[in-house]
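# A structural walkthrough
In case you want the letters, here they are:
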Amino acid sequence: MTALLKVKDLVAGYQSHDVLKKIQLLVDEQMFIGILGPNGSGKSTFLQVLARSLKVKFGSVLINGMDLNDLPFREFGRAVGYVPQENSIPFSYSVYDIVMMGRNPHIPRFRAPGVEDEKAVANALKQTGVMEFADRSITSLSGGERQRVLIARALAQDAELLLLDEPFAHIDLHHQYELISLIRESVRGKKAAIGVFHDINLAAAYCDHLLLLYEGGVRAFGSPHDVLTKENLEDVFKIKPFLGENPVTGVPFVFVMDEERVPRASDQVIVLISGAGSGACLMKALNNTGYRVRCGVLSEQDSDYQVAMSLGLEVISEPPFSRISLEHEEELIDLVSKADRAIVTAVPIGWGNYPNIRALERIHAEKVILYLPESGNHIMDYTGGAATTLLNHLTEQGAVRAHSIGEVVSLLEMVSDSGSCVL
Amino acid sequence: MKIRNQYLLLIISFGLLALAVLGSVTIGPVPVSLSQFTGGGTGSQIIFDIRLPRAIAAAFAGAGLAAAGTALQALFRNDLADPYILGTSSGGAVGASLMMALGLMALIPAAAFVGAITAVFLVYLLASRDGRISTSVLLLTGIAVSTFFSAVVSVFMVFAGTNMHQIVFWLMGGLWNTSWNDIPLLSLIFVPVILLILYSRDLNIITCGDSETQTLGIDPHRTKLLLLGAAAGITGIIVSVTGSIGFIGLVSPHLTRLITGPNHAILIPGSLCCGAFLLLIADTISRTWLGELPVGVVTAFFGAPFFLFLIRRREEL
């Protein structure tokens, strides 16, 4: 069986400058491929070559076994549909007329559009939610609406291979997800789609294959799991990625850390007092930003404990449902007294974990950050006021409050800037 | 408006155009009524030998210029394009005036045709960058090419000797010389005009963007060359008969688009009708009340302000 699209040793670009250097790609039916890569990696150039806007300089592009350059254009139009990144239409065609243009490769020159064409257009208008604009002029629509019309045109074209060049740039979030599901739905039977995406997570969630381009070559091609690795993302995007998992679909989910902050922070030791999941996000953020995070006493069943273990952090832990033992309290005090900073999250405090915050008396109060997101300024206190009193005392002594991870990070930076504990 | 109603309107318009042609021949410095048409006297001679061929020539030339203008606006993706503004007419003038200077009157149409085609491709090549054409670059290139060709025409005029005044009058663009002999040549424009109508779907798609032309099943280079050639051919034929008449090709598509919208299947026939009306009216006015002022002067008086209005209306150039 011949592949729907076969790209071999493709070299292409502008005048003397080759943007694409020996690209290989094999696309079979029913694939939905997302192309990722930084600016200048050749994503759009690649699509332009496939859409025949740019010439193949070297190598070959075969569609159903036929060389791209040998395909008559009408046949090419039935094989490949294209949604451009941007489009300025200078004349006020009706939306219906624009979508009908997608049928052009199917309509003989001396014939008017037939019933089948009208049906395909009506269907595409409905699917993309632009039916209500059908009679309006394309020039009167917003950027996002216009983009949906162009997607409708490509769907009406009913081509085997659909090319999308950052099709969602101006489209509302809810339409984005609707349209990308629609495109994935359309990749059935003998069809396939290739899209350039800016949003890594959108591509990972919907595409079954990702193609990572870097400096004009294929850096990786495969399932999102295989492509979105820490090394690939660091090398290609020059970011410090944190890889989580989409809780619903299980595909990788990429968070990005601000790379500038990484080297300055890396030598600080931070003790994190948390529990009941209140510290998980902060823990990940700080660890990925490069701080050396130590976790105060956590129960082995606590979700914070599991996150800390998955990050490979140093943790002092107790078996489930037991109070903090004296031995572990002393260990924590030792840790706190040597740390650069200590952070307490909004963990509910009872007598069982009270030693966790009592340990904070062993560090200069100005080095303590109370991280209280959303819930306001109070911690749930099940110690009859003892915990609140202690924390208030710390605040009076100079402990600071932060309400977001960003605030925490900037507080930490202020210290590393001034070199000591002075705020 | 439904497409069927548009075609109905079109048929009515062409009917009105035919009536207008007949009506215009009764108007002139000497009033002649239609009843004298078959009389065989002087009245019949004036109508049949002088005014009727001239009216038909005006209608054909106006229709052709409008069709060429419509096609150029689509191919350049710019509604300020027009055979006169883009230098197509002056390209034709170079060819025609060369033949006049050499005294080779029979070769004027062919030379005008070659000149017009050269000009349109020259402008296209010079103004496009990576297949894109910005309005300002297009207009400036048109001016530059026009100016250059006008200079070439001046050179020919200097060397033309006794034929010089002929070139001068012809350049101003007029229909006073037209006779039945010119009608067969002018009718040739309908070959490229019909080609343009047959390619109206392609024109629609070409106006909508460069990148998707191929994926919508059109060979962009071959189609553009063919259609540019058709527009230039129309212009060349008309220029060789009437000299350069400006702005009909600019104004007609604009007026027609207001009624029909931009779909070329209906816009081109509509434009044909509109252009024919405009030039017929302009020529009737000039020969009746303006003492045979060249009609190119009349169209420029009305067209140039319209052109400025279009430029002012644009947000960016």
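Quick caveat: nothing in here was measured; it's all calculated off a predicted structure.

Our next topic: the overall build of chain A. Along its length, chain A carries 16 helices and 18 strands. Here the C-alpha atoms of chain A give a radius of gyration of 28 Å, more than 25% beyond the 22 Å that 2.2 N^0.38 yields for 423 residues. In terms of overall dimensions, chain A has a C-alpha envelope of 90 × 45 × 40 Å along the principal axes. The long-range share in chain A, meaning contacts at least 24 apart out of those at least 6 apart in sequence, stands at 66%. Within chain A, one finds 39 positive and 53 negative side-chain charges whose respective centroids are separated by 8 Å.

Okay, the confidence of the model for chain A next. Residue and element names in this part refer to chain A. In the predicted model, chain A carries a mean pLDDT of 85, and the fraction of residues at 70 or more is 94%. For chain A, per-element mean pLDDT is lowest for helix H10 (residues 262-265), which scores 50, and highest for strand S3 (residues 32-36), which scores 94. Taken together, the stretch residues 416-423 has pLDDT below 50 and engages in ten contacts with residues farther than four places along the chain or on a different chain.

All names here are of chain A. Read from one edge of the open sheet, four strands run S2-S1-S4-S5, paired in antiparallel fashion. In this open sheet, the two strands that pair with only one neighbour each are strand S2 (17-27) and strand S5 (66-67). Where strand S1 (residues 5-14) lies against strand S4 (residues 58-63), five bridges are found, and the strand directions are antiparallel. Bridge assignment links Leu-5 to a residue of S4, and that residue is Ile-63. Packed onto the sheet, helix H1 (residues 43-50) meets S1, S2 and S4 and runs at close to 115° relative to S1.

Our next topic: the pattern of salt bridges. All chains considered together, the criterion is met by twelve salt bridges over all chains. The partner of B:Glu212 in a salt bridge is A:Arg153, with the nearest N and O atoms 2.4 Å apart. A residue pair is termed interchain when its members come from two chains, as with B:Glu212 in the loop between helix H9 (200-207) and helix H10 (220-242) and A:Arg153 in helix H5 (residues 143-157). In this pair, the class of B:Glu212 matches that of A:Arg153, namely buried.

What follows concerns the interface of chain A and chain B. In this complex, chain A contributes 33 residues to the contact, which on the side of chain B involves 25 residues. Both faces combined, the contact of chain A with chain B buries some 2,400 Å², and carbon together with sulfur accounts for 56% of it. Broken down residue by residue, the surface that chain A buries against chain B is led by A:Phe73, A:Phe91 and A:Arg109, which jointly contribute 30%. Here chain A and chain B share two salt bridges between them. A:Arg109 is the partner of B:Asp202 in a salt bridge, and the nearest nitrogen-oxygen pair spans 2.8 Å. When contributions to the side of chain A that touches chain B are tallied by element, the ones reaching two or more residues are helix H2 (73-79), strand S6 (80-83), helix H3 (95-101) and H5 of chain A. At four residues, H2(A) tops the list of elements feeding residues into the side of chain A that touches chain B.

Strand pairing in a sheet relies on backbone hydrogen bonds. The paired strands run either parallel or antiparallel. Residues and elements named next belong to chain A. With parallel pairing, six strands are arranged side by side in an open sheet as S15-S14-S13-S16-S17-S18. Every interior strand has two partners, whereas the edge strands, strand S15 (314-318) and strand S18 (400-402), have only one. Adjacent strand axes in the sheet meet at a mean angle of 20° when their direction is disregarded. For strand S17 (residues 368-371) and S18, the ladder comprises three bridges, and the chain directions are parallel. Its bridge partner lying in S18, Tyr-371 is registered against Ala-402. Strand contacts of helix H13 (residues 326-338): strand S13 (269-273), strand S14 (292-299) and S15, with the helix running at about 155° to S15, the strand carrying the most contacts.

With that settled, the discussion passes to the domain arrangement of chain A. All names here are of chain A. Segmenting chain A into domains produces domain 1 (5-257) and domain 2 (260-418). If you average the C-alpha positions of domain 1 and of domain 2, the two centres end up 47 Å apart. In this complex, domain 1 contributes four residues to the contact, which on the side of domain 2 involves six residues. Taken over both partners, the interface formed by domain 1 and domain 2 buries close to 420 Å², and the fraction arising from carbon and sulfur atoms is 75%.

Turning to its location among the elements, A:Asn201 is positioned in helix H7 (residues 200-206). Setting aside its immediate chain neighbours within four residues, A:Asn201 contacts A:Pro252, A:Phe253 and A:Val254.

Moving on, we get to helix H11 (residues 280-289) of chain A. Residues and elements named next belong to chain A. Among the ten residues of H11, seven are classified as buried, and the element is accordingly described as predominantly covered. For H11, the full list of buried residues reads Ala-280, Leu-282, Met-283, Ala-285, Leu-286, Asn-288 and Thr-289. Just beyond H11, the residue with positive phi is Gly-290, at close to 110°.

Looking now at unusual backbone geometry. Residue and element names in this part refer to chain A. Here the phi dihedral of Asp-9 falls at roughly 50°; this positive angle occurs in a residue that is not glycine. On the accessibility criterion, Asp-9 (23% relative accessible area) is partly exposed. Even without being glycine, Ala-276 reaches a positive phi, approximately 55°. Topologically, Ala-276 is positioned in the loop between S13 and H11. For Ala-276, a relative accessible area of 59% translates into the label exposed.

Turning to a nonpolar patch on the surface, a few remarks are in order. Residues B:Leu8, B:Ile12, B:Leu16, B:Leu19, B:Leu22 and B:Leu34 make up a contiguous nonpolar surface patch of about 570 Å² in total accessible area. If you trace the backbone, B:Leu16 turns up in helix H1 (residues 3-24).

Our focus in this paragraph is helix H8 (residues 190-198) of chain B. Helical periodicity: at 3.6 residues per turn, an α-helix aligns residues three or four positions apart in one direction. Residues and elements named next belong to chain B. Looking at H8, one finds that the buried residues are Pro-192, Val-193 and Leu-196. Buried residues in H8, looked at end-on, bunch into an arc of 105°, giving them a common side. The elements touched by buried residues of H8 are helix H2 (42-75), H9, H10 and helix H12 (264-288).

Before going further, it helps to spend a moment on the packing of aromatic side chains. Considering all chains together, one arrives at twelve aromatic pairs over all chains under this definition. On the basis of an interplanar angle of 55° and a centroid distance of 5.9 Å, the ring pair of B:Phe148 and B:Phe149 is categorised as tilted. What makes B:Phe149 buried here is its relative accessible area of 9%. Every member of this aromatic cluster is reached through a ring pair, and the members are A:Phe32, A:Phe168 and A:Phe197. Stacked on the ring of B:Tyr199, the Lys or Arg A:Arg109 has its end atom at 3.8 Å from the ring centre.

The rules behind these values
Residues numbered from 1 in each chain as written. Chains lettered and ligands numbered in written order. Predicted model: local features only at pLDDT ≥ 70, side-chain atom pairs only at ≥ 80, totals over all residues. Heavy atoms only, no water. Helix = DSSP H or I, 4+ residues; strand = E, 2+ residues; numbered from the N terminus. Rg over C-alpha atoms; globule rule 2.2 N^0.38 Å. Contact = heavy atoms within 4.5 Å. Lys, Arg positive; Asp, Glu negative; His and termini not counted. Charge placed at Lys NZ, Arg CZ, Asp CG, Glu CD. pLDDT = per-residue confidence, 0-100. Pairing = 2+ DSSP bridges. Axes fitted to C-alpha atoms, helices over the stretch in contact; angles between N-to-C directions. Salt bridge = Lys/Arg side-chain N within 4 Å of Asp/Glu carboxyl O. Buried < 20%, exposed > 50% of the residue type's maximum accessible area, 1.4 Å probe, protein only. Buried area = accessible area lost by both parts, 1.4 Å probe. Domains from an automatic or database assignment. Patch = residues over 30% accessible without salt bridge, like charges linked within 9 Å, V, L, I, M, F, W, Y side chains within 5 Å. Areas by Shrake-Rupley, 256 points an atom, 1.4 Å probe, with all protein chains shown as cover. Arc of directions from axis to C-beta. Phe/Tyr/Trp six-rings, centres within 6.5 Å; stacked < 30°, edge-to-face > 60°. Lys NZ or Arg CZ within 6 Å of the ring centre and 35° of its normal.

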